[in-house]
Amino acid sequence: IPEEQKVSVMGIMLEAFCDLTDFAPLAEQPGVAELYAPWHALEARSVSGDLLTNIFAAGTVDTEWGFLTGFSTHGDFQDPVDSYVWYLRDQGYQTFGSHPYYGWFYNRERINQYLGFQDYWFRENHYGALVDEWTAEEDSDRLVAGELLSQLKERVQDGPCFSFSVTYQNHGPYDLDASNWNVYLTPEGSGLTEESCNVLNNYLSGLSTTIEAMTVLAQEPVVLVLFGDHKPWLGHWESVYRELDIPFDDDSPQGFANYYATPYLIWANSAAKEALGRDFTGAGGNFSPCFLMQEVFDQCGWEGPGFMKLAREMRDITPMLHTRDLFWVDGAPADTLEGAALDFYYLFLRAQYYRENEVRK
């Protein structure tokens, strides 16, 4: 990365974040539409699209590690492993991040070091003095945003930064028995059962402060990358989705997106746009999490490491590499690739395998 283009990047993966206005019955609810309006306004000033994740309602690190490594599939990392974090660190970036829950969860305290992070805040070494674990689940995004902003402002004095954080607010399940905060939906106005309204109201109440915190944060960092890890849990056996008559299937583009798609956006302030000579607005496309960092680099005009060049070619063939052995061909999910496309996919898997399993020295 040329010295004059080394702008700082802040990535934040948002717990269970999705855009419920993608579903027509909820988009028609005035309270729901109003809640998402600031997010939509930020999308309009960003590069945006959907991640086609591998997971639903759980398994957050799959999306997280896909972004950080570029791997379409992976095991639990046992040693230092090549990643885009290491690439940025080797380019002179400071690498750090934050998660207001315990470091032992998903073994992040160790694995984040393997991925190349120099410093990481967890409950044990930072957030425990600021918020208890139960409050963190319900209302911590404003706190986290403030801490991240202060951290970035301090660190950026010493050079470019790559910050990546994972939020914890809005972690399911959500109370079925009562609407504990704001009320966006009622049985009379939505036609949904009281239980479904409670689940949605509790989820949306948390989401409202998430959107507020992230849109305020977007006034400060240099390049900001926001994305959801997976669709939220909405009732036992997907009861709320079923009551809304939202189809889930692997055969149609819409049915697949209903189950797996979460939003992402890449926003930049005027200083970053000037330094990089880029606009940072428009459609970024829909793709697997393993291609998100590549999209960030493309928007910045950076070439990246050799594996990222290979990923660009792979994404041109299929923007989705799903762990259920599904691809995206001719605008729809497909269970196979053919000919040269299949050969290249096997080449990509081999490169990915050796990159993951060769211990970084």
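Everything below is about the structure printed above this text.
As a starting point, this report considers the structure included with it. (Residues numbered from 1 in each chain as written. Predicted model: local features only at pLDDT ≥ 70, side-chain atom pairs only at ≥ 80, totals over all residues. Heavy atoms only, no water.)

### Quick word on the nonpolar core
In this structure, I12, L20, Y36, Y203, L204, L226 and L234 are the most contacted members of the largest nonpolar core, which totals 64 residues. Per-element tally for this core: the top contributor is helix 9 (residues 194-217), with ten residues. Residues in contact with L20, not counting those within four places in the same chain, are L26, A27, Y36, L200, Y203, L204 and L234. (Core = buried A, V, L, I, M, F, W, Y, C linked by side-chain atoms within 4.5 Å. Buried < 20%, exposed > 50% of the residue type's maximum accessible area, 1.4 Å probe, protein only. Helix = DSSP H or I, 4+ residues; strand = E, 2+ residues; numbered from the N terminus. Contact = heavy atoms within 4.5 Å.)

### A short note on a negative patch on the surface
On the surface, D175, D177, E195 and E243 cluster together into a negatively charged patch. Among the structural elements, E195 can be located in helix 9. Among the residues examined, E195 registers a relative accessible area of 40% and is labelled partly exposed. (Patch = residues over 30% accessible without salt bridge, like charges linked within 9 Å, V, L, I, M, F, W, Y side chains within 5 Å. Areas by Shrake-Rupley, 256 points an atom, 1.4 Å probe, with all protein chains shown as cover. Salt bridge = Lys/Arg side-chain N within 4 Å of Asp/Glu carboxyl O. Lys, Arg positive; Asp, Glu negative; His and termini not counted. Charge placed at Lys NZ, Arg CZ, Asp CG, Glu CD.)

### What to know about the packing of aromatic side chains
Given two aromatic rings, their pairing is described by the distance between the two centres and the angle made by the two planes. Counted under the stated rule, the structure contains 38 aromatic pairs. Between F105 and Y106, the aromatic rings sit 4.7 Å apart at their centres with planes inclined by 55 degrees, giving tilted as the arrangement. On the numbers, 6.0 Å between centres and 35 degrees between planes, the contact of Y345 with Y346 is tilted. Assessed through its relative accessible area of 11%, Y345 is described here as buried. Through a chain of ring-to-ring contacts, three or more aromatic side chains come together here, namely F23, F56, Y241, F248, F256, Y259, Y260 and W328. The residue whose ring lies beneath R155 is F96, and the NZ or CZ to ring-centre distance is 4.5 Å. Looking at R355, its charged tip hangs above the ring of Y84, at a distance of 5.2 Å from the centre. (Phe/Tyr/Trp six-rings, centres within 6.5 Å; stacked < 30°, edge-to-face > 60°. Lys NZ or Arg CZ within 6 Å of the ring centre and 35° of its normal.)

### Focus on helix 14 (residues 306-317)
The end-to-end C-alpha distance of helix 14 is 18 Å, a good match for the 16 Å that twelve residues give at a rise of 1.5 Å each. Taken together, the buried positions of helix 14 are F307, M308, L310, A311, R312, M314 and R315. Those residues of helix 14 that are buried lie in contact with helix 3 (61-69), helix 4 (84-90), helix 13 (292-300), strand 9 (321-322) and helix 15 (339-357). (Expected span 1.5 Å × (residues − 1).)

### Comments concerning helix 11 (residues 253-260)
Most of helix 11 is tucked away, with six of its eight residues classed as buried. Taken together, the buried positions of helix 11 are occupied by G255, F256, A257, N258, Y259 and Y260. Looking at the buried residues of helix 11, the elements they touch are strand 2 (47-52), strand 7 (261-268), strand 9, strand 10 (326-329) and strand 11 (332-334).

### A few points about the packing of helix 3 against helix 5 (residues 108-115)
Packed helix pairs are characterised by how far apart their axes lie and by the angle those axes make with each other. Helix 5 packs onto helix 3 with a crossing angle of 20 degrees between their chain directions and a minimal axis gap of 11 Å. One way to sum up the angle between helix 3 and helix 5 is to call them roughly parallel. Considering how the two elements wind past one another, helix 3 and helix 5 form a crossing that is right-handed. Listed contacts from helix 5 to V61, E64, W65, L68 and T69 of helix 3 are R108, I111, N112 and L115. The residue inventory of the contact of helix 3 with helix 5, partitioned by class, reads five nonpolar, two polar and two charged. (Axes fitted to C-alpha atoms, helices over the stretch in contact; angles between N-to-C directions. Parallel < 35°, antiparallel > 145°, perpendicular 65-115°, else oblique. Left-handed = near helix turned anticlockwise from the far one by under 90°. Nonpolar A, V, L, I, M, F, W, Y, C, P; charged D, E, K, R; others polar.)

### Here's the deal with the sheet that holds strand 5 (residues 161-166)
Pairing is mixed in the open sheet, where eight strands are placed in the order 4-3-5-1-6-7-2-8. Looking at strand neighbours, the two that pair on one side only are strand 4 (119-121) and strand 8 (282-283), the edges of this open sheet. Sheet analysis places strand 1 (residues 9-14) next to strand 5, joined by five bridges and oriented parallel. Residue G11 lies in a different strand from strand 5, and its bridge partner there is F164. On the sheet, helix 11 packs against strand 2 and strand 7 and is oriented at approximately 75 degrees with respect to strand 7. (Pairing = 2+ DSSP bridges.)

### Examining the sheet that holds strand 9
What holds strands together in a sheet is hydrogen bonding between their backbones, with the strands either parallel or antiparallel. If you walk across this open sheet you meet the three strands as 9-10-11, and the pairing is antiparallel. Strands at the two margins of the open sheet, each flanked by one partner only, are strand 9 and strand 11. In this structure, strand 9 lies alongside strand 10, joined through two bridges in antiparallel fashion. The residue of strand 10 that forms the bridge with H322 is L326.

### Examining the state of the cysteines
Summed over all chains, the structure comprises zero disulfides. Note on C197: no disulfide assigned, nearest cysteine sulfur contributed by C18 at a separation of 16 Å. Judged by relative accessible area, which is 1%, C197 ranks as buried. Between C300, a cysteine without a disulfide, and C161, which holds the nearest cysteine sulfur, the sulfur-to-sulfur distance is 14 Å. (Disulfide = S-S within 2.5 Å.)

### As for the pattern of salt bridges
Applying the stated rule across the entire model yields eleven salt bridges. Residues E212 and R142 are paired through a salt bridge, measuring 3.9 Å at the closest nitrogen-oxygen approach. Linking E212 in helix 9 with R142 in helix 7 (residues 141-155), this pair joins segments that are 70 residues apart in sequence. Here E238 and R242 are joined by a salt bridge, their closest N and O atoms 3.2 Å apart.

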